[in-house]
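So you can see what is in the structure, the chains are spelled out below.
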Amino acid sequence: PVIWGTDAVHGNNNIVGATIFPHNIGLGAMRNPELVRRIGEVTAAETAAAGIGWSFAPTLAVVQDDRWGRTYESYSEDPRIVASYAGEMIKGIQGVAGTADFMAPGKVIATAKHFVGDGGTGGRDQGDTRTSEAVLRDVHAAGYYPAVDAGTLTAMVSFSAWNGEKMHGNRSLLTGVLKDRMGFDGLLVGDWNAHGQLDGCTNEDCPDAINAGLDMFMYSGPEWKKLYENTLADARNGTIAAARLDDAVRRILRVKLLSGTFEAGKPSSRPLAGRYELFGAPAHRGVAREAVRQSMVLLKNNNGV
């Protein structure tokens, strides 16, 4: 069965009338991980009510250059704050791994994104984070350790590069670090046509991304059949090794099994689907109002700043 993802990044913000929360920069100002979990629960319920089972959130960027146009998507420039939120938001969206709450009705698949280093330097989207391995590990990757521990079923690769190497082709980080060393066993999805930015690749042909550790392309365009045909040819001629293909398929199937997709039926038949009264429900808006109050920051003009 197909799984369908949507950017429900501060509430299910694609649906008119849904509960909208402060964006991540505001949530970071709250310093309240428990409230972040409740926001994840509300967002998941209102996403499930739309018949969608996969949210492309949370963003775990630890922005270091405020000129970046997506700075508002980062909880904080402080890795400790991002780390304190990452696992809680995922628990809110998916439920607590190892309990009956995990992927229960009203829960959806979470996505830890964008691995890794987006917003690092230069203020450019899809930029190049020029920094040491220690800073990449301790600052930019801070949210991924608790995200993996919380059982995030998916992660999304960043458009950006690290020291000149695009993330979508960085086998050392995608496979060596995220999958092998950090123990991430979910599926790794690309960002929108980002694989086509690798040297020697196009949007319709990129075995290098699969070989680096990507499990699922995020492709947008009219030539999707060409991407399928080229990937199939790459697998048949050995450009993509059978073991790597098996790993990708295994991860995708595992996510579908753990999320109950095989038993869930069509989206319109799922437990919360079509429960339009959940969009902007009074209790949900109450959580949003609490988040707004706690996100407000008072600036004091001490010493005539």
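For the structure, check the block above.
For clarity, every value in this text was computed on a predicted model and none was experimentally measured. (Residues numbered from 1 in each chain as written. Predicted model: local features only at pLDDT ≥ 70, side-chain atom pairs only at ≥ 80, totals over all residues. Heavy atoms only, no water.)

**Points about the environment of Leu-232**
For Leu-232, the location among the structural elements is in helix H8 (residues 224–236). Residue class for Leu-232 comes out partly exposed when judged on its relative accessible area of 31%. Each C-alpha atom, one on Leu-232 and one on Lys-166, is 24 Å from the other, the two residues being 66 residues apart in sequence. (Helix = DSSP H or I, 4+ residues; strand = E, 2+ residues; numbered from the N terminus. Buried < 20%, exposed > 50% of the residue type's maximum accessible area, 1.4 Å probe, protein only.)

**What about the nonpolar core?**
Judged by nonpolar contacts, the single largest core of 61 residues is most densely connected at Met-30, Ile-39, Leu-60, Phe-115, Val-116, Leu-173 and Leu-178. No other element matches helix H2 (residues 33–48), which puts seven residues into this core. Counting 13 residues, the second-largest nonpolar core is a separate cluster that includes Ile-109, Leu-153, Met-218 and Val-255. (Core = buried A, V, L, I, M, F, W, Y, C linked by side-chain atoms within 4.5 Å.)

**Details of the state of the cysteines**
Per the stated rule, a full pass over the model turns up one disulfide. There is a disulfide in this structure between Cys-201 and Cys-206, and the S-S distance comes to 2.3 Å. Handedness of the Cys-201-Cys-206 disulfide follows from its S-S torsion of about 70 degrees: it is right-handed. We classify Cys-201 as buried; its relative accessible area is 10%. A relative accessible area of 2% places Cys-206 in the buried class. (Disulfide = S-S within 2.5 Å.)

**Some remarks on a nonpolar patch on the surface**
Judged by side-chain polarity, Leu-245, Val-249, Leu-253, Leu-257 and Phe-262 come together as a nonpolar surface patch covering roughly 420 Å² of accessible area. It is helix H9 (residues 242–258) that provides the largest number of residues to the nonpolar patch, a total of four residues. Along the chain, the position of Leu-253 falls in helix H9. Relative accessible area serves as the criterion here: at 39%, Leu-253 is assigned to the partly exposed category. (Patch = residues over 30% accessible without salt bridge, like charges linked within 9 Å, V, L, I, M, F, W, Y side chains within 5 Å. Areas by Shrake-Rupley, 256 points an atom, 1.4 Å probe, with all protein chains shown as cover. Salt bridge = Lys/Arg side-chain N within 4 Å of Asp/Glu carboxyl O.)

**Topic: the sheet that holds strand E7 (residues 165–166)**
Strands sit in the order E4-E6-E7 across an open sheet of three strands; the sheet is mixed. At either end of the open sheet lies a strand with only one pairing partner, and these are strand E4 (128–129) and E7. Bridge analysis of strand E6 (residues 161–162) against E7 gives two bridges, and the strand direction is antiparallel. Across the sheet, Trp-162 pairs through a bridge with Glu-165, a residue of E7. (Pairing = 2+ DSSP bridges.)

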